Amino acid sequence: MAQETGELTGTKDKDYNLIWFTEASLSNVLRLETYIEDAEREGDSDLAEFFRRAQATSRKGGEQGKDLLRQRLAS
């Protein structure tokens, strides 16, 4: 089976992958906010803190992805 390299979508795989990664990271930040609230509501501060660390990592990935997209769109 042939690989999709942008002929069908008009977006090269590497560019699509960067866009997808950025969106997934930022969506994960939002999803984890719900998980943090659920853990806090149940009084599980260890779990809430675990989700906060995961959220910070996702936020960092999203910000790095946005920075890279900005650089690439500007050139």
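Residues numbered from 1 in each chain as written. Predicted model: local features only at pLDDT ≥ 70, side-chain atom pairs only at ≥ 80, totals over all residues. Heavy atoms only, no water.

**A few points about the pattern of salt bridges**
- This structure, assessed with the given rule, holds six salt bridges.
- The residue Arg 52 makes a salt bridge to Glu 40 at a minimum N-O spacing of 2.0 Å. In this pair, Arg 52 sits in helix H2 (residues 45-74) while Glu 40 sits in helix H1 (residues 13-41), placing the two residues twelve residues apart along the sequence.
- According to the relative accessible area criterion, Glu 40 is partly exposed, its value standing at 42%.
- Residues Glu 49 and Arg 52 are paired through a salt bridge, measuring 3.7 Å at the closest nitrogen-oxygen approach. Of this pair, Glu 49 and Arg 52 both sit in helix H2, separated by three residues, roughly a single helical turn.
- The exposure class of Arg 52 is partly exposed, given its relative accessible area of 31%. (Salt bridge = Lys/Arg side-chain N within 4 Å of Asp/Glu carboxyl O. Helix = DSSP H or I, 4+ residues; strand = E, 2+ residues; numbered from the N terminus. Buried < 20%, exposed > 50% of the residue type's maximum accessible area, 1.4 Å probe, protein only.)

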